[in-house]
Amino acid sequence: MNKQTKLRNLLVALACGLAAAAAWPQSALRAWNTHPEGYPVTEAMKSFAQDVDTATRGKYKIQVFSNAVLGDQVKAIAMLKSGEIEVAEFNSGQLSEFAPGLKAFNLPFLFIDAAHMFRYLDGKIGDRLAEQLKASGYVVLGWYNGGARSFYCAGKAPVKPEDMVGLRVRVPQSEVYTEMVKLLGATPVVLPYKDVLDGFQQGKIDCAEGNLPSFEATGHYKQAKFMLLDNHVISPEMLVVSTKLWNSLDDREKAIFKEAGAKSARLMRDLWEKRVVSARAAVAKDGVQFTPVKDFSPYVRKMSPLYGKYMADPAVRGDLFAIIGNQ
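Keep in mind the model is a prediction, meaning the values are calculated, not measured.

## A look at the overall build of the chain
Along the backbone of the chain there are 13 helices and nine strands. On the principal axes, the C-alpha backbone points of the chain span a range of 90 × 45 × 30 Å. For the chain, the residues scored as buried account for 50% of the 327 residues in total. As presented, the chain carries roughly 15,400 Å² of accessible surface, and 55% of it is formed by carbon and sulfur atoms.

## Quick word on the pairing of strand 2 (residues 60-65)
Strand direction decides the pairing type here: strand 1 (residues 27-32) and strand 2, joined by six bridges, are parallel. In the sheet register, Leu29 faces strand 2, and the bridge partner there is Ile62.

## Points about the packing of aromatic side chains
Here the distance between the centres and the angle between the planes together describe a pair of aromatic rings. Evaluated as defined, the whole model comprises 12 aromatic pairs. Of the aromatic side chains, those joined through ring pairs into one cluster are Tyr152, Phe200, Phe215 and Tyr221. Sitting above the plane of the Phe118 ring, Arg269 keeps its charged end 3.5 Å from the centroid. Between the NZ or CZ atom of Arg280 and the centre of the ring of Phe290, over which it lies, the distance is 4.5 Å.

## Digging into the state of the cysteines
One pass over the full model with this rule turns up one disulfide. Between Cys153 and Cys207 runs a disulfide, and the two sulfur atoms are separated by 2.1 Å. Taking the torsion about the sulfur-sulfur bond, which here is approximately 105°, the covalent link between Cys153 and Cys207 counts as right-handed. Of this pair, Cys153 sits in strand 4 (residues 138-153) while Cys207 sits in strand 7 (residues 207-210), placing them 54 residues apart in sequence. Per residue, the accessibility class of Cys153 equals that of Cys207, and both read buried.

## Concerning the nonpolar core
Membership of the largest hydrophobic core comes to 59 residues, with the highest contact counts inside it found for Phe90, Leu95, Phe105, Leu133 and Trp143. Apart from residues no more than four positions distant in its own chain, Leu133 is found in contact with Leu95, Phe98, Ala99, Leu102, Tyr138, Val140, Trp143 and Met238. Listed in part, the 26 residues of the second largest apolar core include Ala31, Val41, Val87 and Ala260.

## Re the layout of surface pockets
In this structure, the largest pocket encloses a volume near 1,300 Å³. Along its surface, the largest pocket is lined by 43 residues, and Asn91, Gln94, Arg170, Pro172 and Tyr193 are the ones closest to its centre. Looking at the lining of the largest pocket, the elements with two or more residues in it are helix 3 (73-82), strand 3 (87-91), strand 4, helix 6 (175-183), helix 8 (212-217) and strand 8 (226-242). Residues of the lining of the largest pocket, tallied by class, amount to 16 nonpolar, 19 polar and eight charged. Size it by volume and the second largest pocket reaches roughly 450 Å³. In terms of lining residues, the second largest pocket is bounded by 18 residues, among which Asp127, Ala130, Val140, Leu141 and Lys258 are the most central. Those elements that place two or more of their residues in the lining of the second largest pocket are helix 5 (124-135), strand 4 and helix 10 (251-285).

## Looking at the side chain of Asn33
In this structure, Asn33 sits in the loop between strand 1 and helix 2 (40-55). Using a relative accessible area of 0% as the deciding quantity, one classes Asn33 as buried. Within polar-contact distance, the side chain of Asn33 engages the backbone nitrogen of His35 at 2.6 Å. Every residue in contact with Asn33, bar those within four places of it in the chain, is listed here: Val41, Thr42, Met45, Val64, Phe65, Ser66, Asn67, Ala68 and Glu89.

## Description of the pattern of salt bridges
Enumeration according to the criterion identifies 14 salt bridges in this entry. When the shortest N-O distance is used, the salt bridge between Arg269 and Asp122 registers 2.9 Å. You can see Arg269 sitting in helix 10 and its partner Asp122 sitting in the loop between helix 4 (114-121) and helix 5, a full 147 residues away along the chain. Relative accessible area serves as the criterion here: at 48%, Asp122 is assigned to the partly exposed category.

## With respect to helix 6
Of all the residues in helix 6, the buried ones are Val176, Tyr177, Thr178, Met180 and Val181. Where the residues of helix 6 are buried, they touch strand 4, strand 5 (168-171), strand 6 (187-190), strand 7, strand 8 and helix 12 (304-311).

## Side note on the pairing of strand 3
Counting buried residues in strand 3 gives four out of five residues, a clear majority hidden from the surface. Here strand 1 runs beside strand 3; their pairing, made up of two bridges, is parallel. Residue Ala31 lies in a different strand from strand 3, and its bridge partner there is Val87. Where strand 3 lies against strand 8, five bridges are found, and the strand directions are antiparallel.

## A few points about the environment of Lys81
Residue placement: Lys81 occurs in helix 3. By relative accessible area, which is 48% here, Lys81 ends up partly exposed. Separated by 99 residues in the primary sequence, Lys81 and Met180 place their C-alpha atoms 31 Å from one another. Not counting residues within four places of it along the chain, the set of residues in contact with Lys81 comprises Phe98, Ser136 and Tyr138.

Definitions and cut-offs
Note on numbering: residues in each chain are counted from 1, in written sequence order. Reporting in this predicted model follows two pLDDT cut-offs: at least 70 for local features of residues, and 80 or more for side-chain atom pairs to be given and counted; totals over whole chains, interfaces and linings ignore these cut-offs and use all residues. With hydrogens and water stripped out, all remaining heavy atoms of the structure feed into the side-chain values. Only runs of H or I of at least four residues qualify as helices and only runs of E of at least two qualify as strands under DSSP, and these elements are numbered from the N terminus. When a residue's accessible area, from a 1.4 Å probe over protein chains only, is under 20% of the maximum for its type it is buried; when over 50% it is exposed; and in between it is partly exposed. Accessibility throughout is a Shrake-Rupley quantity obtained with a 1.4 Å probe, and a residue counts as covered only by protein chains that appear here. Strands pair, by our definition, only if DSSP identifies at least two bridges between them. Pairing of aromatic rings covers Phe, Tyr and Trp, the last through its six-membered ring, and needs centres within 6.5 Å; plane angles under 30 degrees mean stacked, over 60 mean edge-to-face, and all others mean tilted. To sit over a ring, a charge needs its Lys NZ or Arg CZ within 6 Å of the ring centre and within 35 degrees of the ring normal. When the sulfur atoms of two cysteines come within 2.5 Å, that pair is taken as a disulfide. As used here, the term nonpolar core means buried Ala, Val, Leu, Ile, Met, Phe, Trp, Tyr and Cys residues forming a set that is joined through side-chain atoms within 4.5 Å. Residue contacts follow a heavy-atom distance rule, with two residues in contact if any of their heavy atoms lie within 4.5 Å. A pocket, in this scheme, is an open set of points on a 1 Å grid over the protein atoms alone with protein on both sides within 12 Å along at least 5 of 7 lines, while a cavity is a set where a 1.4 Å probe fits but cannot get out; residues line either one if an atom lies within 4 Å of a point. Grid points are joined across faces, edges and corners, and a volume is the space filled by probe spheres set on the points. For this classification, Asp, Glu, Lys and Arg are treated as charged, while Ala, Val, Leu, Ile, Met, Phe, Trp, Tyr, Cys and Pro are nonpolar and the rest, including Gly, are polar. In protein, a polar contact means a hydrogen-donor-capable atom and an acceptor-capable atom, both N or O and within 3.5 Å, with residues adjacent in sequence counting only if both atoms are side-chain atoms; elsewhere, any N or O pair within 3.5 Å suffices. By definition here, a salt bridge exists when the distance from a side-chain nitrogen of Lys or Arg to a carboxyl oxygen of Asp or Glu is within 4 Å.

Encoded structure:
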């Protein structure tokens, strides 16, 4: 092969490569979450991004922005719907307005553990909720584990429901959590999550509530040395993409995103369970005392008005009956 032929072949190959690149432009996507680096959610999202990148041969590059650096969840929900971001991982509380059945998954003392919850989310109920969310602009690619939430306090170790009476308990901006704390005789204090540690230090709150990995990661255990392992709420989180992005994908790309999302959910759940074990060991080493709940019936009885309220809501009643009726 002479030099002229080699040069012609090289130019042809280069032209083909440029034509392919022009026909298949890269799409840079932004993904939001509120968690720190190394957290199960963050690691699962990075795995999702890598799988999409590999399967689409680099067409879709997803950059994961952690620690809510693009804004809090309320802002991120609006950003996803407007197209300012394309991928996000949200907790279920604030998306329940778009899929009212999700409210059932945020009620206290409903599930024994995460496996119990996923029996419903990985089935027909989860499919129905995903359809409702899709109609509102949020396409669910995977149900993540939001963790089992428990109360933790500074200065006092609650053992039974009566021990909560009069305590100031930090809650997120949520009707369910506010009512739950009131029904226990405590005073709900709405604070942004980032301000909880300061709330303990400044004496604004006596207790807060959350899951073990977050309790450790935020350093809340340094101020609150007593945790009541009541697992009062076991709720889901979800990996979503915007409907705008979803509608721009072809059938093959949608299948890639769905498969990568399901894989990331399985990874997240596995990482979560391991993180719970390591977080508990770490905070126990630092002096945190745990009190397990042996009898949940007093707590459940106190929640009766809350259950009754949601049983009366036709948008929630069906899913709530389905869960309670298949315990």
